[in-house]
Amino acid sequence: MTSFVHAPDLQWPSWRQRLYWWRHDPMEADEIVSLDLETTSLDPRKADILSIGAVMIRQGKVMVGERLELYVEPPASLGAESIRIHKLRRIDLEGQLPLEEALRQVRAFLGNRPLLGYYLSFDMAVLNRHFRRLGQPRLKNPRIEVSALYHRKVSRLFPDVHLDLRFDTLSRALEVPVTGRHTALGDAHTVSLMFLRLRKGSVPYPR
Amino acid sequence: MSEHFNFDATPFNELTNHERELFKEGLSIGYYVPGETLIEPGRSSEALFIVLKGVIEERGKDDHLFAHYGPDDFFDVRGLLSGQSRHAYRAVEESIVYELMAATFHQLCERNPAFAYHFQADLAAKRQLARRDGQNLAEFILTRIAREHLLPAIEVAADLSLGDAARMQLDVGADALLVRQGEGFEGLGIVTRTDLMRAHFQQRLGDDSPIGPLAYRPVAWVELGDFLFDAMILMTRQRIERVAVRQGQQVIGLLHLTQVLSLFSTHSHVLALRIARAETLDELRHAAETLDTLIATLEGNGIRLRFIMQLVSALNEQLLAQVFEQCVPPAGRGRCCLLVMGSEGRGEQLLKTDQDNALIHADDVSPGQARSWMARFTQALEAFGYPVCRGGVMASRPEWCRSLSDWQRELRATAQEGRPEQLLRLSILMDAYPVAGNDNLYIPLRHTLSNWREQGERWLSYLAAATVQFDTPLTLFGGLKTAGERLDIKRGGIFPIVHGARVLALREGLTERGTLARLNALGSRGVLDPVLAENLSEAFELFMQIRLAQQLSAHRDGLQQGINVATLNRTERDLLRFSLHVVKKFKQTLTRQFHLDTR
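Quick caveat, the model's predicted, so the values are computed rather than measured. (Residues numbered from 1 in each chain as written. Chains lettered and ligands numbered in written order. Predicted model: local features only at pLDDT ≥ 70, side-chain atom pairs only at ≥ 80, totals over all residues. Heavy atoms only, no water.)

A. Just the overall build of chain B, in detail. The helix and strand tally for chain B stands at 25 helices and 20 strands. Counting across all 599 residues of chain B, residues that qualify as buried make up 53%. Partitioning the contacts of chain B with sequence separation of at least 6, the portion at a separation of at least 24 is 71%. (Helix = DSSP H or I, 4+ residues; strand = E, 2+ residues; numbered from the N terminus. Buried < 20%, exposed > 50% of the residue type's maximum accessible area, 1.4 Å probe, protein only. Contact = heavy atoms within 4.5 Å.)

Dropping the structure here:
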């Protein structure tokens, strides 16, 4: 078993944290958090957060018990278009957490652990936009992009293949059971299983 | 959030909602590549592993393979309970495995005894647990009192002497008398056997004192057609054992507590009585039709299968004996003996399969005469829903209807010549059991059979070879091997046990009837390892039970082979796999004992 890397001290200056992650592979971190958002739009400049799901991966195991599942008060931009995908209606979100409180909890849960996700840059962009609006620092955690990991692993063996990187294709190729598609926690869960498979398992056959 | 973990499977469905939350708190998911070790031997177990996908193998110290674990299987319970696992667990395929922290597991076991019991129970207890609860109680409660439940009511005058009354009771086999003291139902009193006894021994009343003063009034009664349940409540309330049953003002019989109780356990007692009382073939046919329902009820009530088999065999024998009596004239009955063979002969008959029977007749009965009786017998059975035997093992055929000396000559010839068809007939005859007619004709034949090996020992290995002709349906890795979805349990499990026990019994000259009794005897004689014999009995019972359950749920013909493994739950699959391993071991023992590998 490989030895795992501890996350750097939170109090370190950011240059030192970045140096640390340059020297150590985030994938080998002791604790990794798989993160997923459900938003009102796919445009990171306009998207509002509806729900946040996160699962802890500790020492190569998905900790089902250590999870974060937050729903946020419905933003004004919640429209019929996106409801069809995530199936969260305005009425479902009435009376849930205010955005500021939800973001505070997320930051506490994430700490400075490496983050894992599918098209994570979108989620990070949305999160950071909201942090900036609230005048808080952005998240500087190192990132692990599951689709990039997949691409790297597969294209090394099949360099010429055109890779389909859609979520469902990935889960099928990696033979990972999908639970709760298009819920924040469900997707975070599935992504963490994909990650475990990619980190340790054999190279998947592309589909 | 959707449920990630499947809480519907056996032990986990015991958990309450709150406990499920606790369970999830302590749950993690691991991913293992082939060859990776999950549990090292000798290390303390840190978690209960529940396979989500993939295959994990369990290996002992000398790299001996113990088991494979597939989706929904969990391990290593023994390690968790004893604190240290003895075997190594390794991934064979890439596997996704749930891991429940040991601390959480123990906490849940403490909170929920039913959950804990699943893990602590051994195999036998697990089988008990897997059995369903009684489901036919309703049938009892809703049964109405009918004439066939009743004992005859005997009415006597009040001035009858005690001695006469006692003798009358003994003659009729009645257990209580109704004493007429006045007009109508109100004028009746009841005198039971106990009352007579007390009068004689305690109060020292003489033989010729009248019965009148002893009678107890009023007699508790129910109406014909009332629910049995009413009668039972009445008996419980008044602390009595009999009630009179009336139709209008007329008493038509007595209902006894034992009668009610036998109905409570099933309708077996009544069925036996109906068979015994039947006077025409038609009445018998109705009784025969009830038999299948009875089996289904018993099975549903979770009665142990060996008792069901005993009961059903006993009823079947009564039935056959009755049919025999209807078909053979009284003069012939003493001069021939009807044998049943196959599963019926071994006392393992459950659902009606086909007719397997033979006849021994005395030397002074002409073969043509005997065959004409048996032709009627076969027809009658066919009308009852026992199909004609496809192998022609029926008393109406000349080769199965012989005189005693002819049978013995046949056995001697078998010992000398050992032709395949003779050996086949011998192994069928091994299971023979007399059910009707004159038993004295059977005893010499039995004697010849138990001494058969003195002449015929060299043929035994030919007989035993049949045991290993079908492969045990296990894969290379010890999992269940199925053809499509079906697993042929008769060829793969039941036949080897039955035939192996039969051949060994022939070699040892055992006279025990039935596979279970034979295995038991073989174990105590040291022919088989006692543990193996015990396990074989359990395995045999399990196979029969699984087969019976599937036959009952499908259609009731008992001829369709193969069980659908997909419909079994995890516990049953586990047990089945274990039992098939036992069969495999038995085959190896037989191969060694009869030198089958050198043939």
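There's plenty left to go through after this.
B. Inspection of the packing of helix 1 (residues 17-25) of chain B against helix 3 (residues 102-111) of chain B at higher detail. All names here are of chain B. Put simply, helix 1 and helix 3 touch, their axes get as near as 10 Å, and they point 165° apart. Judged by the inter-axis angle, helix 1 sits roughly antiparallel to helix 3. Here helix 1 and helix 3 pass one another in a crossing that is right-handed. Contacts between helix 1 and helix 3 pair H18, E19, L22 and F23 from the former with T104, Q107, L108 and R111 from the latter. A breakdown of the residues in the contact of helix 1 with helix 3 according to their chemical character gives 3 nonpolar, 3 polar and 2 charged. (Axes fitted to C-alpha atoms, helices over the stretch in contact; angles between N-to-C directions. Parallel < 35°, antiparallel > 145°, perpendicular 65-115°, else oblique. Left-handed = near helix turned anticlockwise from the far one by under 90°. Nonpolar A, V, L, I, M, F, W, Y, C, P; charged D, E, K, R; others polar.)

C. Molecular detail of the packing of helix 22 (residues 489-508) of chain B against helix 23 (residues 515-525) of chain B. Residue and element names in this part refer to chain B. Look at helix 22 against helix 23: their axes get within 9 Å of each other, and the N-to-C directions meet at 55°. Considering the angle they form, helix 22 stands oblique to helix 23. As helix 22 runs across helix 23, the sense of the crossing is left-handed. For the pair formed by helix 22 and helix 23, the contact residues are I497, V498, A501, R502, L504, A505 and E508 on the first element and T515, R518, L519, L522 and R525 on the second. Looking at the contact of helix 22 with helix 23 residue by residue, the classes come out as 7 nonpolar, 1 polar and 4 charged.

D. Molecular detail of the side chain of S579 of chain B. Among the structural elements, S579 of chain B can be located in helix 25 (residues 570-593). With relative accessibility at 5%, the residue S579 of chain B sits in the buried group.

E. Structural view of the packing of aromatic side chains. Residues and elements named next belong to chain B. Counted by the stated rule, this structure contains 17 aromatic pairs over all chains. With a centroid separation of 6.1 Å and 50° between ring planes, the pair formed by F12 and F115 is classed as tilted. Note that F12 is positioned in the segment before helix 1 and F115 in helix 4 (residues 113-120), a separation of 103 residues in sequence. Summarising the burial analysis for this pair, F12 and F115 share the class buried. With centroids separated by 5.8 Å and ring planes inclined at 50°, the aromatic side chains of W459 and Y462 adopt a geometry described as tilted. (Phe/Tyr/Trp six-rings, centres within 6.5 Å; stacked < 30°, edge-to-face > 60°.)

F. Seen up close, empty space enclosed by the protein. Residues and elements named next belong to chain B. Here the structure, examined in full by the defined rule, presents 4 cavities of 30 Å³ or more. Computed from the structure, the largest cavity encloses a volume of approximately 50 Å³. Lining the largest cavity are E58, D76, R78, G79, S82, Q84, S85, R86, H87 and Y89. A total of 3 residues in the lining of the largest cavity trace back to one element, the largest contributor, which is helix 2 (residues 77-82). Counted by class, the lining of the largest cavity contains 1 nonpolar, 5 polar and 4 charged residues. The calculated volume of the second largest cavity comes to roughly 40 Å³. (1 Å grid on protein atoms, 1.4 Å probe; cavity = no way out; pocket = protein on both sides within 12 Å on 5 of 7 lines; lining within 4 Å. Points joined across faces, edges and corners; volume = space filled by probe spheres on them.)

G. The arrangement of the interface of chain A and chain B in detail. Contact residues are listed per partner, giving 23 residues for chain A and 20 residues for chain B. Across the chain A/chain B interface, buried area totals approximately 1800 Å², and carbon plus sulfur atoms make up 60% of it. Together, K61, V64 and K200 of chain A form the three largest contributors to the area buried by chain A at its contact with chain B, with a combined 27%. With its nearest N and O atoms 3.0 Å apart, the salt bridge here joins E36 of chain B to K200 of chain A. For the pair chain A and chain B, the number of links is 11 residue pairs in polar contact (both at pLDDT 80 or more). For the side of chain A that touches chain B, the elements supplying multiple residues, two or more each, are strand 3 (61-71) and helix 8 (184-200) of chain A. For the side of chain A that touches chain B, the per-class residue count stands at 9 nonpolar, 8 polar and 6 charged. Summarising the sheet, strand 3 of chain A and strand 1 (residues 27-32) of chain B pair through 3 bridges and their orientation is antiparallel. Across the sheet, V62 of chain A pairs through a bridge with I29 of chain B, a residue of strand 1 of chain B. (Buried area = accessible area lost by both parts, 1.4 Å probe. Salt bridge = Lys/Arg side-chain N within 4 Å of Asp/Glu carboxyl O. Polar contact = N/O pair within 3.5 Å; in protein donor to acceptor, adjacent residues only side chain to side chain. Pairing = 2+ DSSP bridges.)

H. View of the sheet that holds strand 2 (residues 37-39) of chain B. Residues and elements named next belong to chain B. Overall, antiparallel pairing links the 4 strands, which are arranged 2-7-4-5 in an open sheet. The open sheet has two free edges, formed respectively by strand 2 and strand 5 (65-69), since each of these has just one partner strand. Within the sheet, the average angular offset between the axes of one strand and its neighbour, ignoring direction, is 30°. In this structure, strand 4 (residues 56-59) lies alongside strand 5, joined through 4 bridges in antiparallel fashion.

I. The arrangement of the layout of surface pockets in detail. Residue and element names in this part refer to chain B. Of the pockets and cavities examined, the second largest pocket occupies roughly 1300 Å³. Lining of the second largest pocket is provided by 41 residues; of these, G342, D356, K490, F495 and R502 occupy positions nearest its centre. If you tally residues by element for the lining of the second largest pocket, the top one is helix 22, at 7 residues. Class assignment of the residues belonging to the lining of the second largest pocket gives a composition of 19 nonpolar, 12 polar and 10 charged. Both of domain 3 (268-450) and domain 4 (463-598) provide at least three residues apiece to the lining of the second largest pocket. (Domains from an automatic or database assignment.)

J. Inspection of helix 25 of chain B at higher detail. The end-to-end C-alpha distance of helix 25 of chain B, which contains 24 residues, comes to 35 Å, matching closely the 34 Å that a straight helix rising 1.5 Å per residue would cover. Directly after helix 25 of chain B, the chain includes H595 of chain B, whose backbone phi takes a positive value near 55°. (Expected span 1.5 Å × (residues − 1).)

K. Spotlight on the sheet that holds strand 17 (residues 401-403) of chain B. Residue and element names in this part refer to chain B. The mixed open sheet is built from 4 strands, whose spatial order is 17-16-15-18. Looking at strand neighbours, the two that pair on one side only are strand 17 and strand 18 (433-437), the edges of this open sheet. Strand after strand, the sheet turns through a mean of 30° between neighbouring axes, direction not considered. Summarising the sheet, strand 15 (residues 336-340) and strand 18 pair through 4 bridges and their orientation is antiparallel. Bridge pairing links L338 to A436 in strand 18.

L. Representation of the pairing of strand 4 of chain B. Residues and elements named next belong to chain B. A two-sided burial pattern is seen for strand 4, the buried positions comprising I56 and E58 on one face and E57 and R59 on the other. Hairpin connection, strand 4 to strand 5: the antiparallel pair is bridged by 5 residues, and D63 has positive phi, about 65°. Pairing of strand 4 with strand 7 (residues 88-91) involves 4 bridges; the strand directions are antiparallel. Its bridge partner lying in strand 7, R59 is registered against A88.

M. Unusual backbone geometry, seen in detail. Following F75 of chain B, the chain continues to D76 of chain B via a peptide bond in cis, the omega torsion being -10°. Located in the positive-phi region is K87 of chain A, a residue other than glycine, with phi close to 60°. Residue position: K87 of chain A is located in the loop between helix 2 (80-86) and helix 3 (90-93). Not every positive phi belongs to a glycine, and E175 of chain A is a case in point at roughly 55°. Here E175 of chain A shows up in the loop between helix 7 (167-173) and helix 8.

N. Structural view of the environment of E25 of chain B. Residue position: E25 of chain B is located in helix 1. Sequence spacing of E25 of chain B and L100 of chain B is 75 residues, and the spatial spacing of their C-alpha atoms is 8.9 Å.

O. A look at the environment of G117 of chain A. All names here are of chain A. Within the secondary structure, G117 sits in strand 4 (residues 115-117). C-alpha of G117 to C-alpha of M194: the two residues are 77 residues apart in sequence and 9.9 Å apart in space. When near neighbours in sequence (up to four residues on either side) are disregarded, G117 contacts L35, I144, E145, V146 and V191.

P. Representation of the side chain of D356 of chain B in the model. All names here are of chain B. Residue placement: D356 occurs in the loop between helix 15 (342-345) and strand 16 (357-361). As a buried residue without a salt bridge, D356 has its nearest oppositely charged side chain in R346, at a separation of 7.5 Å. Excluding residues within four positions of it along the chain, D356 makes contact with L339, V340, M341, G342, C389 and V393. (Lys, Arg positive; Asp, Glu negative; His and termini not counted.)

The analysis is restricted to geometry; functional conclusions fall outside its scope.
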